[in-house]
Amino acid sequence: MTDASAIRPGIRASLMTPDTRTRRRNAAEARFRLYGRIAIAIGLAALVVLMGSVLANGLGSFRQSFLTLEVHLDEKVLDKSGARDPEAMKKVTTIGYGKIVDAALKATIAAEGIVVEGLTDKDVSDMISKEAAALVRNRVLADPALVGQTVAFKVLANGRIDGYLKGRVTMDSAERDSNVSPRQLELADALVARGILAKSFNAGFITGPDASELRPEAAGMGIAILGSAYMMLVVLFLSLPIGVAASIYLEEFAPKNRFTDLIEVNISNLAAVPSIVFGILGLAIFINFAHLPQSAPVVGGLVLTLMTLPTVIISTRAALRAVPPSIRDAALGIGASKMQAIFHHVLPLAAPGILTGMIIGLAQALGETAPLLLIGMVAFVRDYPGGLFDPATALPVQVYNWTQRADPAFVERASGAIIVLMVFLLAMNMAAIVLRRRFERRW
């Protein structure tokens, strides 16, 4: 077999031997592949740095410092009448319970023989979170028979003490901090050595409500998670039927004229509108005009539905358009009506794309903050919402709220909430991939 060759005027060049132009083209392709690898590497590096920063700052919020104390529930303080009537016992405030918790810590220190030079009673009291008294009170009111007994309680330590155990607070910083003293840190070391003070999993961070700036160690995101869940239900039950119905009409039934062209252009434009504009619209229509309650999940859900609808419509139309015309023609050819052809054949085949678009729209709505700020969901909410019309907040708004507070413990909690939000978003995107592969049909 002879080598193929190309004849040029005055030049005989073999096709098996690269010439200058071929080498230049191959070099350009190699550079392009290198640029692509570099771009991917930069993106992965940025992702690793971002995730590393969030995880480093936020994982500590899932573990909290607790004091294990034997608390004597003095009947003379908590139930002077001795009737064990919860209604009468409610008159004792957290101040009274705080005193018996403080006494329990002082008794523990004395029993363990811990001596710290210059330690005052106030230093000891400030070791305990202000949430501890409320925890003991709630448990006693739930079971009045505990009064008069000595009961073991696991109570939260102060946020600064927790920060010391996590490395956020040091002896040097305590010298300049009015909220903690080196004497308290020495006491914390002694309590840790005896197993009285230790870090453990903090379920309250996931299930508990938010707390004031004086109790960062007690702040939780339970209300934010519940509020986000309520809003996602509203978005799902409104945007899915409305978006799919509008897409089917525009793609299969609507005449092609200037009016439908105008509708399509506006849908595409709405998908690019900044989310805060939808917040202004929700404030004007749902709160000022319809007089729905502020901070309610139903209002947040309606606003996010308006924002999600364009995404759902565009993705659904793309899924319907991807179904081969032969499917429609075959159904119509065997006597099916247009409605039957669409709902019995086209729509099931387009279901993977529709579900994927819906889940992506929900994931986008779950991470929105700006429209929710305008409808009042940034308000401090202490009670769990019992329904769609009760005050609540949302996860991204809770993150924003915590980043605005001065105590460093809230920054840690904001990073922890970001981790939870990213887990939800990752789960939703994985669900979209699974559904697409589960229902996908190839032609």
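It should be emphasised that the depicted structure is a prediction, and the values quoted were computed from it without experimental measurement.

Reading the values: rules and limits
Residues numbered from 1 in each chain as written. Predicted model: local features only at pLDDT ≥ 70, side-chain atom pairs only at ≥ 80, totals over all residues. Heavy atoms only, no water. Helix = DSSP H or I, 4+ residues; strand = E, 2+ residues; numbered from the N terminus. Rg over C-alpha atoms; globule rule 2.2 N^0.38 Å. Buried < 20%, exposed > 50% of the residue type's maximum accessible area, 1.4 Å probe, protein only. Areas by Shrake-Rupley, 256 points an atom, 1.4 Å probe, with all protein chains shown as cover. Lys, Arg positive; Asp, Glu negative; His and termini not counted. Charge placed at Lys NZ, Arg CZ, Asp CG, Glu CD. Axes fitted to C-alpha atoms, helices over the stretch in contact; angles between N-to-C directions. Parallel < 35°, antiparallel > 145°, perpendicular 65-115°, else oblique. Left-handed = near helix turned anticlockwise from the far one by under 90°. Contact = heavy atoms within 4.5 Å. Core = buried A, V, L, I, M, F, W, Y, C linked by side-chain atoms within 4.5 Å. Pairing = 2+ DSSP bridges. Nonpolar A, V, L, I, M, F, W, Y, C, P; charged D, E, K, R; others polar. Patch = residues over 30% accessible without salt bridge, like charges linked within 9 Å, V, L, I, M, F, W, Y side chains within 5 Å. Salt bridge = Lys/Arg side-chain N within 4 Å of Asp/Glu carboxyl O. Domains from an automatic or database assignment. Phe/Tyr/Trp six-rings, centres within 6.5 Å; stacked < 30°, edge-to-face > 60°. Lys NZ or Arg CZ within 6 Å of the ring centre and 35° of its normal.

### Let's talk about the overall build of the protein
And step 1. Looking only at helices and strands, the protein has 19 helices and 5 strands in total.
And step 2. Against the compact-globule benchmark of 22 Å for 443 residues, the protein has a radius of gyration of 32 Å, which places it well outside the compact range.
And step 3. Each principal axis of the C-alpha distribution contributes one length, and for the protein these read about 105 × 65 × 35 Å.
And step 4. The buried share of the protein, taken over its 443 residues, is 43%.
And step 5. Here the protein has roughly 23600 Å² of accessible surface; of this, 63% comes from carbon and sulfur atoms.
And step 6. Of the charged side chains in the protein, 44 are positive and 37 negative; the average position of the first set lies 12 Å away from that of the second.

### Description of the packing of helix 13 (residues 275–289) against helix 14 (residues 297–322)
And step 1. Here helix 13 crosses helix 14 at 130°, and the two axes come no closer than 9 Å. When the axes of helix 13 and helix 14 are compared, the pair comes out oblique. As helix 13 runs across helix 14, the sense of the crossing is right-handed. Only Val299, Leu302, Val303, Leu306 and Met307 of helix 14 make contact with helix 13, whose side of the interface consists of Ser275, Phe278, Gly279, Leu281, Gly282, Phe286 and Ile287.

### Focus: the nonpolar core
And step 1. In this structure, Met221, Met232, Val299, Leu304, Leu372 and Trp402 are the most contacted members of the largest nonpolar core, which totals 47 residues.
And step 2. Counting residues per element, the ones that place at least two in this core are helix 11 (222–253), helix 13, helix 14, helix 16 (338–366), helix 18 (395–403) and helix 19 (408–439).
And step 3. For this core, the leading source of residues is helix 19, giving 8 residues.
And step 4. When sequence neighbours within four positions are dropped, the list of residues in contact with Val299 reads Phe286, Ile287, Leu292, Pro293 and Ile375.
And step 5. Listed in part, the 41 residues of the second largest apolar core include Leu69, Leu141, Leu191 and Ile196.

### Examining the sheet that holds strand 4 (residues 150–156)
And step 1. The antiparallel open sheet is built from 3 strands, whose spatial order is 4-3-5. The strands lining the two open edges of the sheet, one partner per strand, are strand 4 and strand 5 (197–201). With strand direction ignored, the average angle separating the axes of adjacent strands in the sheet is 40°.

### Observations regarding the packing of helix 4 (residues 94–112) against helix 6 (residues 131–142)
And step 1. One way to put it is that helix 4 packs onto helix 6 with a least axis distance of 8 Å and a crossing angle of 105°. Judged by the angle between their axes, helix 4 and helix 6 are roughly perpendicular. Residues Thr94, Tyr97, Gly98 and Val101 of helix 4 pack against Ala132, Ala133, Ala134, Val136, Arg137 and Val140 of helix 6.
And step 2. Here the contact of helix 4 with helix 6 is composed, by residue class, of 7 nonpolar, 2 polar and 1 charged.

### Regarding a nonpolar patch on the surface
And step 1. A surface patch of nonpolar side chains, about 410 Å² in accessible area, is lined by Leu34, Tyr35, Ile38 and Ile42.
And step 2. Examined against the element boundaries, Ile38 turns out to sit in helix 1 (residues 20–58).

### Overview of the domain arrangement of the protein
And step 1. Parsing the protein into structural domains produces domain 1 (17–58), domain 2 (63–201) and domain 3 (222–439).
And step 2. Each of domain 1 and domain 2 has a C-alpha centre, and these two points are 55 Å apart.

### Details of the side chain of Ser247
And step 1. Relative to the helices and strands, Ser247 is located in helix 11.
And step 2. Owing to a relative accessible area of 0%, Ser247 belongs among the buried residues under this scheme.
And step 3. Not counting chain neighbours up to four residues away, the residues in contact with Ser247 comprise Val312, Ile313, Thr316, Arg317 and Leu320.

### Examining the packing of aromatic side chains
And step 1. Counted by the stated rule, this structure contains 2 aromatic pairs.
And step 2. Ring geometry for Phe62 and Phe205: centres 5.3 Å apart, planes at 90°, overall edge-to-face. Of this pair, Phe62 sits in the loop between helix 1 and strand 3 (63–72) while Phe205 sits in helix 10 (residues 204–207), placing them 143 residues apart in sequence. The burial state of Phe62 is the same as that of Phe205; both residues are buried.
And step 3. Arranged with centres 6.1 Å apart and planes meeting at 25°, the rings of Phe205 and Trp402 form a pair that is stacked. Taken together, the residues Phe205 in helix 10 and Trp402 in helix 18 connect sequence positions 197 residues apart. Each member of the pair, Phe205 together with Trp402, is buried.
And step 4. By way of ring pairs, the aromatic residues Phe62, Phe205 and Trp402 are connected into one cluster.
And step 5. Directly above the aromatic system of Phe153 lies the positively charged group of Arg139, at a separation of 4.7 Å from the ring centroid.
And step 6. It is Arg405 that lies over the ring of Phe410; its NZ or CZ is 4.6 Å from the centre.

### A closer look at the pattern of salt bridges
And step 1. Counting across every chain of the model gives 19 salt bridges.
And step 2. For Asp126, the salt bridge is made with Lys122, and the minimal N-O distance between the two is 2.7 Å.
And step 3. When its relative accessible area of 57% is taken as the criterion, Lys122 is described as exposed.
And step 4. Taking the shortest distance from any N to any O, the salt bridge between Arg160 and Asp177 comes out at 2.6 Å. Of the two residues, Arg160 is situated in helix 7 (residues 159–165) and Asp177 in the loop between helix 8 (171–175) and helix 9 (182–193); the sequence distance between them amounts to 17 residues. Neither Arg160 nor Asp177 differs from the other in exposure class; each is buried.

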